[in-house]
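# Reading the structure
Given next are the chains, with one letter for each unit.
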Amino acid sequence: MAHSEMHRRLGVLNATSINMSNMIGTGPFITVAGADGILAAMQGPQALIGWLLGAVIALADGLVVAELGAAFPQSGGPYVFLREGFGRWGRLMSFLFVWQFLFSGPLEIASGNIGIVQYLGYFIPGMTPLTTKLVAAAIGGIALFALYRRITDVAKLMMFLWVTMLLTTGWVIVAGLWNFDAKIAFDFPPDAFRLSLGFVRGLGAGTLIVMYNYLGYYQISYLGAEVKQPARTIPYAVILSIFGVLLIDLLLSLSFIGVIPWREAIQTPAIGSVFMERLYGKWAAGLLSVMIMVTAFGSVYALMLGYSRLPYAAAQDGVFFRWLGELHRDEFPHRSLLLVGVLCIGASFFSLGAVISALMTARIVIQFMGQVVAVFLIRRKRPDIERPFRMWLYPLPAILSLAGYAYVFAASGLQFIPYGLATLGAGVVVYFLFLRRAQPGPA
């Protein structure tokens, strides 16, 4: 017989490890360098200021998440925020959140699978495009299998993966700073900081990639029903993970470009392996490649864990397919997990650059901008809702989050903005044509 209740077992350390494992993963190891990376976006190391701009946006939105997550510690996170914040339109907004998730969440998880394969290529050079896609899909299948167990076992494995991530990034940072060459790192091109339309566009493109690296500071809110002392744990985990990842990613980036000239780096997709081989030889490059792959798997694992709670929460609420709302006897939403896992496996067959841009445009309008509007509406119209954590300097963080994500959305490119808007429009049509007919939700 299926259980119908989750228990609160995740503390601050567990919550922070889940967020940070999700946020780092392969991120800086596949997005700093390469033809689609942060350095290439502005053609120079000046692009690293995107880490600081991204941190401002993430922290501003993180305070929004902290306030809403402490007020609504339930499975689904932003799904619940939108439902409660938008009043009579809350049901539509929460459905649209789950709908866009089907177009963005699996892409985000798949980006980790693709990143793992890039570093696997250090050991198996010459893999065909089809082979790389099949291996990426297989990694998604392994993560799905590893998550098919109770949350306490998942949390233990998550801690191991988090420690591996800290060791991996720590090794690169120490090695990079020890061998740091400022002349290489700060070899700026002419007019690198000249304010122009090209600079604004380049910074926007770079910041979009940076925000992909910050994705996950809100991850613990998806597991709100499984968090101990959520009024304390969720805000702590959100804020600590943002500052921790800013420090780690910025130091990683400086370490890379302090050893490998940026013009060479933009031609190097697996920069971590090349970086370590240049400093210590092939044995070190091989070891780091393995550690990066383990770290990346931690991100895939954390993402699939958190996102599996979204369709479950929507099904429990009656706005999504009801059969997804069942719990396994070990108290995890197994049907929802299977749905997310299968979609992730399918998304692993796309290219990394397209995956990152598409997932960001699909997500920004409903999740990030939508939850900012929700916090304004709740503060104004729902004084009955207890808010045990209140964002600092309200309403400044909410305004900064709204403006920052609007900038990133506009910078995503004309080929991807229609994707985001089209998925949103299709969701509205589906809701009114089909879901409104089902009482209380589609079977």
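What comes next concerns the included structure. Within each chain, residue numbers correspond to sequence positions counted from 1 in written order. Totals for whole chains, interfaces and linings use all residues, but because this is a predicted model, local features are given only for residues with pLDDT of at least 70 and pairs of side-chain atoms are given and counted only at 80 or more. No hydrogens and no water enter the side-chain calculation; it runs on all heavy atoms of the structure.

## Regarding the overall build of the protein
Keep this limit in mind: Helix numbers and strand numbers start at the N terminus; a helix is a DSSP run of H or I with at least 4 residues, a strand a run of E with at least 2. We take the radius of gyration over the C-alpha atoms and set the globule estimate at 2.2 Å times the residue count to the 0.38 power. A simple rule labels every residue: compare its accessible area, found with a 1.4 Å probe on the protein chains alone, to the largest value its type can have, and call it buried under 20%, exposed over 50%, or partly exposed in between. Note on definitions: a residue-residue contact is assigned when non-hydrogen atoms from the two residues lie within 4.5 Å. Areas reported as accessible are Shrake-Rupley estimates using a 1.4 Å probe. Residue values count occlusion only from the protein chains shown.
Helix and strand counts for the protein stand at 20 helices and 0 strands. In terms of overall size, the protein behaves like a compact globule, its C-alpha atoms giving a radius of gyration of 21 Å where 443 residues would be expected to give roughly 22 Å. Along the three orthogonal principal directions, the C-alpha set of the protein runs to about 65 × 50 × 40 Å. Among the 443 residues that make up the protein, the fraction classed as buried is 60%. A sequence separation of at least 24 residues applies to 84% of the contacts in the protein between residues at least 6 apart. Here the protein has roughly 17,100 Å² of accessible surface; of this, 67% comes from carbon and sulfur atoms.

## Comments concerning the layout of surface pockets
To keep things clear, this is the line we draw: Using protein atoms alone on a 1 Å grid, points that fit a 1.4 Å probe yet trap it form a cavity, whereas open point sets bounded by protein on both sides within 12 Å along at least five of seven lines form a pocket; residues with an atom within 4 Å of a point count as lining. Grid points are joined across faces, edges and corners, and a volume is the space filled by probe spheres set on the points. The nonpolar class holds Ala, Val, Leu, Ile, Met, Phe, Trp, Tyr, Cys and Pro. Asp, Glu, Lys and Arg form the charged class, and all remaining residues, Gly among them, are polar.
Considered as a void within the structure, the largest pocket measures approximately 450 Å³ in volume. Every element with two or more residues in the lining of the largest pocket is listed here: helix 2 (27-31), helix 3 (38-42), helix 10 (197-214) and helix 18 (352-381). Considering each element in turn, the lining of the largest pocket owes the most residues, 4 residues, to helix 18. Taken together, the residues of the lining of the largest pocket break down into 13 nonpolar, 10 polar and 1 charged. Approximately 240 Å³ is the volume found for the second largest pocket. Along its surface, the second largest pocket is lined by 16 residues, and I114, V117, Q118, T132 and K133 are the ones closest to its centre. Broken down by secondary-structure element, the contributors of at least two residues to the lining of the second largest pocket are helix 6 (90-120) and helix 7 (129-146). Broken down by element, the lining of the second largest pocket gets its largest block of residues, 4 residues, from helix 7. For the lining of the second largest pocket, a count of residues per class yields 9 nonpolar, 6 polar and 1 charged.

## Quick look at helix 16 (residues 309-316)
Burial of helix 16 is extensive: 7 of the 8 residues sit out of reach of the surface. Within helix 16, the full set of buried residues consists of R309, L310, P311, Y312, A313, A314 and A315. One or two positions beyond helix 16, positive phi appears at G318, with a value near 85 degrees.

## Some words on the packing of aromatic side chains
Keep this limit in mind: Centres within 6.5 Å make a pair out of two Phe, Tyr or Trp rings, where for Trp the six-membered ring is used; the pair is then stacked when the planes are under 30 degrees apart, edge-to-face when over 60, and tilted otherwise.
According to the stated counting rule, one finds 20 aromatic pairs in the structure shown. Consider the rings of W99 and F103, whose centres lie 5.3 Å apart with planes at 55 degrees: the pair is tilted. Residue W99 and its partner F103 are located together in helix 6, separated by 4 residues, close to a single helical turn. Summarising the aromatic geometry, the rings of F256 and F275 are spaced 5.3 Å apart at their centres and angled 85 degrees between planes, so their arrangement reads as edge-to-face. With F256 in helix 12 (residues 230-257) and F275 in helix 14 (residues 271-280), this pair connects stretches of sequence that are 19 residues apart. With respect to burial, F256 and F275 carry one shared label: buried.

## Structural notes on the nonpolar core
Just so we agree on the cut-off: In this text, buried Ala, Val, Leu, Ile, Met, Phe, Trp, Tyr and Cys residues form a nonpolar core when linked through side-chain atoms within 4.5 Å.
Among the nonpolar cores identified, the biggest contains 145 residues, and Y214, Y217, I220, M304 and Y307 are the most heavily contacted of them. Ranked by residues supplied to this core, first place goes to helix 6 with 15 residues. The residues contacting Y214, other than those within four sequence positions of it, are M23, W51, G54, A55, A58, I242, V245 and L246.

## Some remarks on empty space enclosed by the protein
Summed over the entire model, instances satisfying the criterion amount to 2 cavities of 30 Å³ or more. Estimates place the volume of the largest cavity at around 80 Å³. In terms of lining, the largest cavity is formed by 12 residues, of which the most central are N22, M23, S111, Y212 and S299. Elements with a minimum of two residues in the lining of the largest cavity: helix 1 (12-24), helix 6 and helix 15 (282-307). Ranked by residue count, the leading element in the lining of the largest cavity is helix 1, at 3 residues. Residue classes in the lining of the largest cavity are distributed as 5 nonpolar, 6 polar and 1 charged.

## A closer look at the pattern of salt bridges
The criterion, for reference: Salt bridges, as used here, are contacts in which a Lys or Arg side-chain nitrogen is within 4 Å of a carboxyl oxygen on Asp or Glu.
Enumeration according to the criterion identifies 9 salt bridges in this entry. For E67, the salt bridge goes to R387, with nearest N and O atoms at 3.3 Å. Note that E67 is positioned in helix 4 (residues 49-71) and R387 in the loop between helix 18 and helix 19 (396-410), a separation of 320 residues in sequence. Accessibility classification places E67 together with R387 in one group, the buried group. With a closest N to O distance of 2.5 Å, E108 and R363 form a salt bridge. Note that E108 is positioned in helix 6 and R363 in helix 18, a separation of 255 residues in sequence. Assessed through its relative accessible area of 3%, E108 is described here as buried.

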